[in-house]
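Fold and contact review
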Amino acid sequence: MATDLPYAADAEISLSWDELDVLRQQYNIELEKSHVTVQTKFNYAWGLVKSPQREHQVEGVKLLQEIYRAEPGRRRECLYYLGLGHYKMGNYDDARKFNDLLLQKEPNNLQAASLRELIDRAVSREGYIGMAIAGGAAAVGTILLAGLVRRAMRK
């Protein structure tokens, strides 16, 4: 499906380990001083969400949710990355929920529209896989049932 929308590149482009480490170090320095700025927390969460490692994504989403709850003025900028984080973790219902909230506030946000397409494709792909598994299970069940019927008829 071709699109003229800018691709939600954050879905596939990660920071280098060195770049993520810079964000981690800044976050930890501020954490040791018992004062983490919202911007430092957001930057670190952003880097974690972009990571290919699930445990990083989970931590990034957790930090973004903390910002979302505590800082009403920063909610809009958290929505896209919450949607992206959930998408990357395969939590498509949550991804859609956060991304749709952003699209309600910014219907012309092309990056969020692109993420919506990625979410929809992933949900469709999961549905096809589920149907294939169910179809395979039904075929195996039919074969087993046919075998049992034949066996019972021979007796």
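Structural data are supplied above this passage.
As a starting point, this report considers the structure included with it. If you're wondering where the values come from, they're calculated on a predicted model, not measured in any experiment.

So, the packing of helix H4 (residues 75-89) against helix H5 (residues 92-105)
Orientation of H4 relative to H5, taken along the N-to-C sense of each, is 155°, at an axis distance of 7 Å. Regarding the angle of H4 to H5, the classification is roughly antiparallel. Every pair of crossing elements has a handedness; the one defined by H4 and H5 is left-handed. Contacts between H4 and H5 involve Arg-76, Leu-79, Tyr-80, Leu-82, Gly-83, His-86 and Tyr-87 on the former and, on the latter, Tyr-92, Asp-94, Ala-95, Phe-98, Asn-99, Leu-101, Leu-102 and Lys-105. Partitioning the contact of H4 with H5 into residue classes produces nine nonpolar, three polar and three charged.

Thoughts on unusual backbone geometry
The backbone phi angle of Ser-34 is positive, close to 60°, even though this residue is not glycine. Along the chain, the position of Ser-34 falls in the loop between helix H1 (17-32) and helix H2 (38-50). For Ser-34, a relative accessible area of 69% translates into the label exposed.

Conventions used here
Residues numbered from 1 in each chain as written. Predicted model: local features only at pLDDT ≥ 70, side-chain atom pairs only at ≥ 80, totals over all residues. Heavy atoms only, no water. Axes fitted to C-alpha atoms, helices over the stretch in contact; angles between N-to-C directions. Helix = DSSP H or I, 4+ residues; strand = E, 2+ residues; numbered from the N terminus. Parallel < 35°, antiparallel > 145°, perpendicular 65-115°, else oblique. Left-handed = near helix turned anticlockwise from the far one by under 90°. Contact = heavy atoms within 4.5 Å. Nonpolar A, V, L, I, M, F, W, Y, C, P; charged D, E, K, R; others polar. Buried < 20%, exposed > 50% of the residue type's maximum accessible area, 1.4 Å probe, protein only.

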